[in-house]
Amino acid sequence: MDLHLLTIDAARSAVAERKTTSMALVEAFYARIQKEDSQIGAYLTLSKERALEQADRMDRLAAEGKPLPPLGGVPVAIKDVMCTRGVRTTAGSQILGKFVPPFDCTAVARLEAAGAVILGKLNCDEFAMGSSNENSSFHPVRNPRDTSRVPGGSSGGSAAAVAADMAVVTLGSDTGGSIRQPASFCGVVGLMPTYGRVSRYGLIAFASSLDHIGPLAKTTKDAAIVLRTIAGRDPMDSTTAEVPVPDYVVELEKPVRGLKIGVAKEYFGEGLDGEVRKAIENAIQKLAKLECEVVPVSLPHTEYAVPTYYIVATAEASANLARFDGVRYGYRAKGTRTLSDMYRRTRDHGFGAEVKRRIMLGTYALSAGYYDAYYLKAQKVRTLLTGDFDEAFKKVDVIVTPTSPTAAFKLGEKVNDPLAMYLADIYTVTADLAGIPGISIPCGETREKLPIGLQILGKHFDEATILRVAHAFEKVAA
Ligand code: GLN
């Protein structure tokens with residue numbers, strides 16, 4: 001069985017038609033992980049027992065000639081910020097190094113209920129804070145396309161596992177770009193749904209008003225199948241919207257002719273690598289050949305997006321991470337004498353440098369004397385950024401941009417320069433702040449054969465159109 005070629009439908013029908021068994025598939029993936037992952041570092045924990053039980057369930061269904069559910073027997077893996085019952089969940093942090101949740105994240109439960117087989121948990125930046133996966137407190141992930149380079153972050157394990165054929169599809173999370181940017185760096189598809197489309201129940205919170213769960217996959221169709229499975233209202237998350245979930249897979253095949261594609265000059269300015277620019281311009285031409293109409297749009301507040309994001313995200317993180325105090329979950333420092341000493345030393349030993357930096361920045365932005373100047377101001381600018389998109393989407397159906405200003409950079413290249421790392425998020429944080437959906441799909445390569453990602457942004461709850469444009473592009477690009 002050629003794992004490289006396995007999409008969801010191919011894996012599922014191979015099991016349904018008994019050309020293979022789900023058990024054999026799972027074993028093939030574990031063999032692959034065993035062989036390859038020592039060079040990549042994508043997995044933190046394997047959930048073999050749970051995987052084999054589910055594979056057996058799917059094989060029995062197939063043996064009885066019963067129809068398999070939409071992901072029946074399909075091996076998937078989960079970013080380690082999503083809780084999995086009975087399976088260690090670390091958020092990439094020592095402070096949760098031994099945490100075993102008693103419940104499942106809704107997105108994980110929905111995938112499993114649809115027949116998916118969960119192979120294990122994927123490495124990520126600590127509490128999803130980072131753009132290179134070098135902030136994992138276990139070990140970094142390497143880019144399967146060039147192991148001297150980062151896979152992107154924070155869902156680096158999720159992107160690398162798909163790129164290295166160590167899972168058919170994976171789940172990631174995106175707060176400021178963490179699904180789309182690693183997808184771009186590793187040459188896979190990454191979809192961030194609209195805020196409120198997918199339940200965050202059981203997602204370890206980084207910045208609650210910005211966090212999104214979504215798929216990383218080999219194809220747009222696989223991303224559509226996963227979204228269809230995990231989307232929709234969840235009584236356990238009051239921010240999930242009561243909006244009907246379309247059949248994204250059916251929507252994929254609708255023609256794109258006549259769609260208006262917005263191009264914003266603010267996304268093609270200083271700092272954009274020449275080869276990336278060229279690839280995006282070529283992609284826009286390909287869309288024009290499909291008889292899409294290319295329309296210039298303006299998103300005038302874009303230059304304020306990175307500072308706005310790093311105020312809002314750190315402020316929310318400082319509040320969310322207060323719960324890791326050595327009492328409720330995970331690690332507790334030993335040999336402390338007083339309660340406050342225990343809190344302090346637990347957090348000092350348990351959190352890494354980037355997480356501490358963000359807690360301090362966020363606490364400062366929320367403190368009495370500075371709240372108005374930083375947090376309140378950032379919220380106002382966030383409204384302006386959202387307004388930019390509202391205006392632009394009066395004229396166009398989607399907006400296309402580069403996903404990242406550069407292709408994958410080298411390990412160690414930016415790790416000591418947080419500002420340079422933050423600036424790399426320039427094209428992705430805007431969509432998180434506005435709550436709109438976005439997808440990154442491969443659209444070319446640099447001379448060094450590094451993948452380049454095309455980002456397609458859409459209107460609130462209109463994932464169907466960005467998936468449709470992505471699918472049409474994938475077909476002409478192939
Ligand atoms: N790179 C961004 C950050 O470090 C985005 C992270 C994310 O989307 N989880 O915050």
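Details of the structure are given in the entry above.
Residues numbered from 1 in each chain as written. Predicted model: local features only at pLDDT ≥ 70, side-chain atom pairs only at ≥ 80, totals over all residues. Heavy atoms only, no water.

Novice: Before we go on, may I ask you to explain the state of the cysteines in this structure?
Specialist: Two cysteines whose sulfur atoms are joined by a covalent bond form what is called a disulfide. Following the criterion strictly, the structure yields zero disulfides and no others. Cys105 provides the cysteine sulfur closest to Cys83, a residue in no disulfide bond, and the two sulfurs are 7.0 Å apart. Using a relative accessible area of 5% as the deciding quantity, one classes Cys83 as buried. (Disulfide = S-S within 2.5 Å. Buried < 20%, exposed > 50% of the residue type's maximum accessible area, 1.4 Å probe, protein only.)

Novice: I would appreciate a short explanation of the side chain of Ser158 in the present structure.
Specialist: Relative to the elements of secondary structure, Ser158 occurs in helix H5 (residues 156-163). Here the side chain of Ser158 touches Leu171 through a polar contact of 3.0 Å, landing on its backbone oxygen. (Helix = DSSP H or I, 4+ residues; strand = E, 2+ residues; numbered from the N terminus. Polar contact = N/O pair within 3.5 Å; in protein donor to acceptor, adjacent residues only side chain to side chain.)

Novice: Is there a simple way to explain the packing of helix H10 (residues 305-320) against helix H13 (residues 372-395) in this structure?
Specialist: In helix packing, the relevant descriptors are the interaxial angle and the interaxial distance, both defined with respect to the helix axes. It is the contact of H10 with H13, at a shortest axis distance of 9 Å, that shows an interaxial angle of 125°. Considering their axes alone, H10 and H13 lie oblique with respect to each other. Helix-helix and strand crossings are classified by hand; for H10 and H13 the assignment is left-handed. Contacts between H10 and H13 pair Ala305, Thr308, Ile311, Val312, Ala315 and Glu316 from the former with Tyr374, Tyr375, Ala378, Gln379, Val381, Arg382 and Leu385 from the latter. (Axes fitted to C-alpha atoms, helices over the stretch in contact; angles between N-to-C directions. Parallel < 35°, antiparallel > 145°, perpendicular 65-115°, else oblique. Left-handed = near helix turned anticlockwise from the far one by under 90°. Contact = heavy atoms within 4.5 Å.)

Novice: When you look at the packing of helix H9 (residues 274-289) against helix H16 (residues 463-477) in this model, what are you seeing that I'm missing?
Specialist: Closest axis-to-axis distance for the H9/H16 pair is 10 Å, and the angle between their directions is 100°. Taken together, the axes of H9 and H16 are roughly perpendicular relative to one another. In contact with Ala283, Lys286 and Leu287 of H9, H16 contributes Val469, Phe473 and Val476. Looking at side-chain class alone, the contact of H9 with H16 contains five nonpolar, no polar and one charged residues. (Nonpolar A, V, L, I, M, F, W, Y, C, P; charged D, E, K, R; others polar.)

Novice: Mind showing me how you'd approach the environment of Glu253 here?
Specialist: You can see Glu253 is positioned in the loop between helix H8 (248-252) and strand S7 (260-264). The spacing of Glu253 and Leu467 is 214 residues in sequence and 9.7 Å in space, taken between C-alpha atoms. Every residue in contact with Glu253, bar those within four places of it in the chain, is listed here: His471 and Lys475.

Purely geometric numbers; function is a separate question.
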